[in-house]
Amino acid sequence: MPPTLASLVHHSALKLTVRAGGDRLDVPVRWAHVSELADPVPYMEGGELLLVTALKLDAENPEAMRRYVRRLVGAGVVGLGFAIGVNYEEIPKALVDAAEEEGLPLLEVPRRTPFLAISKAVSAAIAADQYRAVTAGFAAQRELTKQALTAGPEGLLAALASQVNGWAALYDASGAVVATAPEWAGRRAARLTADVERLRERPAPASSVVGGPEHEDRVELHTLGTGRRPRAALAVGTAAAPGTAERYAVHSAIALLTLTTERSRSLHAAEQRVGAAVLRMLLAGEPDHARAVAGDLYGDLLDAPFRVIVAEAASVSAARVVDSGARVTLGRPSAAALAVVSEGANGDPLGALTEIVESAAARAGEAVLVVPEGEGETARLVMLAVDGGAAVAACAEHAAALEAARAGAVPEGHADEDELVVGLSAPAGPIAAAAAYKQAEQAVSVARRRGRVCVEHEQLAAGSVLPLLADDAVKAFADGLLRALHEHDATGRGDLVASLRAWLSRHGQWDAAAADLGVHRHTLRYRMRRVEEILGRSLDDADVRMELWLALKATSAE
């Protein structure tokens, strides 16, 4: 505790006597200052005990004393010490009345007590308080370190909450609550997710103070980690601003948790290397060896059906095609997912997806295998995640949020420079991992061609083949194949393209196709012979009919 007016009054060597404001002696004293100025306020910072002999004060003038005392109170002076036996034998009544009126503690200083003794007493008490705070801080640091080593982050949070007489919470890279202490603080911590997200967008290290609603606590937020993107965040809730000892404890917790996250980063890199080895063995058709290497780390993942997810980030410039297929994966994005997208991924969409998927898996207690491949423009991720699990759901929700954001912000036919495309395989087991990998790659290719963020391989079989015709190469082929027919029709010598479309759509039935066109069937037969002559191909060939039909569909989609 810092020195207070009460502690000075009870100091046996000072012999101070209270003459006014006896009910306000518990206020802390920041310093003791001597000033004989008629107006010392410009030199006050607040929290001082002002010591005077009234050398230049008209201490017997009631109006002058009221103005003087009022100015001191307004400047934050916590007490006034008046030396008697120097200029006045006793404290003038005008000053006593003014102090009582303003509620300013007034202390009588006997002649045998020098002001220096009071200043030294205040200084010694402040130094002792600081020493106690430093000692308590070191003790807190030792306790926090012990808990971090023996009980992990959860034990550290519990020790920190006890040290600050409040609560503490740890957030992961996505802003989700990982742990709290005490347990009742979980609901309070969850309400700060948006504040944590905003803090993560600031240059690290960053901190902020969040004032709760009326009658609630004061919360400090701190980012954790040494990289450009914070790895986690710490929230500390207290009834008031932390003191020196509490501040030591908070800073120690930040340092220890940062070390923990950096150590976790190294472990994570090692886990990724193991995951890469497991993936290579699965793709090489060696599930038994893969299971042996996976051990407890990824063993549970290989015991249940999983999805292979391939994600890429690269510049895309392709026309969008309306997809009539069912979108099983992409549902309505949540507000939280939309907020993540709106705040951006700092130019690293693959990094953002990794954080989202790994955080979701960690919260659900699932295993997820994430393997980065390539660098720069060829960079991509290969992931194995439990089918129907939290990681797959988080990936789908993030993709849905990207789709929603793109629909409102990106012009037709264009895509963001750092666009994310994701392909999901059908559920598979270790034996079929190579096939699932191929499925995911095919889904990514289709997603890129369609201008979509995410495509499931199952959608390729369930949907229509027509969206695939939007490819520029297909359109170029269709234009070349049908150009001669279009040039013929342009001369006004017959409607060969429309006749060909009607005949193919009716599976070569002359009467039905002629009725659709409103011409005689002999006229239609003549036109089909002209098509064969111009193209130099026979319509009796099924492959020719297929190519012409696809060409007609590709050109009609423009």
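### Re the overall build of the protein
Working step 1: When its secondary structure is counted, the protein shows 18 helices and 15 strands.
Working step 2: Here the protein holds 558 residues, and the buried ones make up 46% of them.
Working step 3: The contacts of the protein with a sequence gap of at least 6 include a subset with a gap of at least 24, amounting to 65%.
Working step 4: For the protein, the accessible surface area stands at approximately 27600 Å², while carbon and sulfur atoms represent 53% of it.

### A short note on helix H15 (residues 496-505)
Working step 1: Counting buried positions along H15 yields 7 of 10 residues, so the element is predominantly enclosed.
Working step 2: Leu496, Val497, Ser499, Leu500, Ala502, Trp503 and Leu504 are the residues of H15 that are buried.
Working step 3: Measuring from the side-chain oxygen of the N-cap residue of H15 to the backbone nitrogen of Ala498 gives 3.5 Å; that N-cap residue is Asp495.
Working step 4: His507 sits one or two residues past H15 and shows a positive phi near 55 degrees.

### Structural notes on helix H12 (residues 433-450)
Working step 1: Here H12 spans 26 Å end to end across 18 residues, near enough to the 26 Å set by a 1.5 Å rise per residue.
Working step 2: When we look at burial in H12, the residues that qualify are Ala433, Ala436, Tyr437, Gln439, Ala440, Ala443, Val444, Val446, Ala447 and Arg450.
Working step 3: Of the residues flanking the end of H12, it is Gly451, one or two places downstream, whose phi is positive at about 75 degrees.

### Notes on the sheet that holds strand E10 (residues 232-238)
Working step 1: Read from one edge of the open sheet, 5 strands run E7-E6-E10-E9-E8, paired in antiparallel fashion. Each having just a single partner strand, strand E7 (177-181) and strand E8 (207-211) make up the two edges of the open sheet. For this sheet, the mean inter-axis angle between neighbouring strands, taken without regard to orientation, is 20 degrees.
Working step 2: Note that strand E6 (residues 167-171) and E10 share 5 bridges and pair antiparallel. Residue Ala168 lies in a different strand from E10, and its bridge partner there is Val236.
Working step 3: Helix H4 (residues 115-164) rests against E6, E7 and E10 of the sheet, and its axis sits at about 150 degrees to E6.
Working step 4: Here helix H6 (residues 193-200) sits on the sheet and contacts E6, E8, strand E9 (218-224) and E10; the angle it forms with E9, its principal contact strand, is near 40 degrees.

### Describing the sheet that holds strand E1 (residues 17-20)
Working step 1: Reading across from one edge, E1-E5-E4-E3-E2 is the order of the 5 strands in this open sheet, with mixed pairing throughout. Bordering the open sheet on either side are E1 and strand E2 (31-34), each of which pairs with just one other strand. Pairwise comparison of adjacent strand axes, ignoring direction, gives a mean angle of 30 degrees for this sheet.
Working step 2: As paired elements, E2 and strand E3 (residues 48-52) share 4 bridges and run parallel to each other.

### Remarks on the environment of Asp540
Working step 1: Here Asp540 lies in the loop between helix H17 (521-535) and helix H18 (542-556).
Working step 2: Judged by its relative accessible area of 69%, Asp540 is exposed.
Working step 3: In this structure, the C-alpha to C-alpha distance between Asp540 and Gly508, residues 32 residues apart in sequence, is 9.7 Å.
Working step 4: In contact with Asp540, other than residues within four places in its own chain, are Glu532 and Arg545.

### Details of the nonpolar core
Working step 1: One finds Met65, Tyr68, Leu80, Phe82 and Leu106 to be the most contacted residues of the largest nonpolar core, which totals 27 residues.
Working step 2: Among the elements of the structure, E3, helix H2 (62-74), strand E4 (79-83) and helix H3 (93-102) are those that each provide at least two residues to this core.
Working step 3: When near neighbours in sequence (up to four residues on either side) are disregarded, Tyr68 contacts Leu37, Ala38, Pro40, Leu50, Val52, Leu57 and Leu80.
Working step 4: Val278, Leu302, Ala428 and Ala436 belong to the second largest nonpolar core, which has 24 residues in total.

### Some details on the packing of aromatic side chains
Working step 1: Under the defined criterion, the tally for this structure stands at 3 aromatic pairs.
Working step 2: Ring geometry for Phe82 and Tyr88: centres 6.1 Å apart, planes at 55 degrees, overall tilted. We note that Phe82, like Tyr88, is buried.
Working step 3: Here the aromatic rings of Phe138 and Tyr248 are separated by 6.3 Å at their centres, their planes lie at 50 degrees, and the arrangement is tilted. With Phe138 in helix H4 and Tyr248 in helix H7 (residues 244-283), this residue pair connects regions lying 110 residues apart in the sequence.
Working step 4: Among the residues examined, Phe138 registers a relative accessible area of 44% and is labelled partly exposed.
Working step 5: A residue is classified by how much of its surface remains accessible, and Tyr248, at 32% relative accessible area, is partly exposed.

### A word on the pattern of salt bridges
Working step 1: All told, the structure shown has 24 salt bridges when counted by the stated rule.
Working step 2: Residue Glu220 pairs with Arg218 through a salt bridge whose shortest N-O separation is 2.9 Å.
Working step 3: With a closest N to O distance of 2.7 Å, Arg530 and Glu533 form a salt bridge. Of this pair, Arg530 and Glu533 both sit in helix H17, 3 residues apart, which is roughly one turn of the helix.
Working step 4: With relative accessibility at 54%, the residue Glu533 sits in the exposed group.
Working step 5: Where salt bridges share partners, they join Glu312, Glu373, Arg380, Glu441 and Arg448 into one cluster.

### Re the side chain of His222
Working step 1: Structurally, the position occupied by His222 is in strand E9.
Working step 2: Judged by relative accessible area, His222 falls into the buried class, the value being 11%.
Working step 3: Of the polar contacts made by the side chain of His222, one reaches the side chain of Glu220; its length is 3.0 Å.

### Some details on the pairing of strand E13 (residues 380-386)
Working step 1: The element E13 is largely enclosed, with a buried count of 6 among its 7 residues.
Working step 2: Relative to E13, strand E12 (residues 368-373) runs antiparallel, the two sharing 6 bridges. When the sheet's bridge partners are listed, Glu373 is paired in E13 with Arg380.

### Concerning the packing of H15 against helix H16 (residues 510-517)
Working step 1: Relative orientation of the contacting elements H15 and H16 amounts to 135 degrees, with a least axis distance of 8 Å. It follows that H15 is oblique to H16 by the angle criterion. H15 and H16 meet at a crossing whose hand is right-handed. Contacts between H15 and H16 involve Ala498, Ser499, Ala502 and Trp503 from the former and Trp510, Ala513 and Leu517 from the latter.
Working step 2: Looking at the contact of H15 with H16 residue by residue, the classes come out as 6 nonpolar, 1 polar and no charged.

Cut-off values and rules
Numbers given for residues are sequential positions, taken from 1 along each chain in its written order. In keeping with the predicted nature of the model, local features appear solely for residues at pLDDT of at least 70, side-chain atom pairs appear and are counted solely at 80 or more, and the whole-chain, interface and lining totals rest on all residues. The basis for every side-chain value is the complete set of non-hydrogen atoms in the structure, without hydrogens or water. Here a strand is any run of E in DSSP of at least two residues, a helix any run of H or I of at least four, and the numbering for each starts at the N terminus. Remark: exposure states derive from per-residue accessible area (1.4 Å probe, protein chains only) relative to the maximum for the residue type, with buried under 20%, exposed over 50%, and partly exposed in between. Any two residues whose heavy atoms approach within 4.5 Å at even a single point are treated as in contact. Per-residue and other accessible areas follow the Shrake-Rupley method at a 1.4 Å probe size, with only the shown protein chains counted as cover for residues. Polar contacts, as counted here, are pairs of nitrogen or oxygen atoms within 3.5 Å of one another; within protein the pair requires one atom able to donate a hydrogen and one able to accept it, and residues that are adjacent in sequence qualify only if both atoms are side-chain atoms. Under the convention used throughout, the expected extent of a helix is 1.5 Å for every residue step, that is, one less than its residue count. DSSP bridges decide pairing: two strands pair if at least two such bridges lie between them. Lines fitted to C-alpha atoms define the axes, with helix axes restricted to the stretch in contact, and inter-axis angles between N-to-C directions lie between 0 and 180 degrees. Joining through side-chain atoms within 4.5 Å is the link that ties buried Ala, Val, Leu, Ile, Met, Phe, Trp, Tyr and Cys residues into a set, and such a set is a nonpolar core. Pairing of aromatic rings covers Phe, Tyr and Trp, the last counted by its six-membered ring, and requires centre-to-centre distances within 6.5 Å; plane angles under 30 degrees mean stacked, over 60 mean edge-to-face, and any other angle means tilted. Note on definitions: salt bridges are taken to be side-chain nitrogens of Lys or Arg within 4 Å of carboxyl oxygens of Asp or Glu. Roughly parallel covers angles under 35 degrees, roughly antiparallel covers those over 145, roughly perpendicular covers 65 to 115, and oblique covers all other angles. Working rule for handedness: look at the near helix, and if it is turned counterclockwise from the far one by less than a right angle, call the crossing left-handed; if clockwise, right-handed. Note that Gly is not counted as nonpolar here; it falls among the polar residues with everything else outside the nonpolar set of Ala, Val, Leu, Ile, Met, Phe, Trp, Tyr, Cys and Pro and the charged set of Asp, Glu, Lys and Arg.

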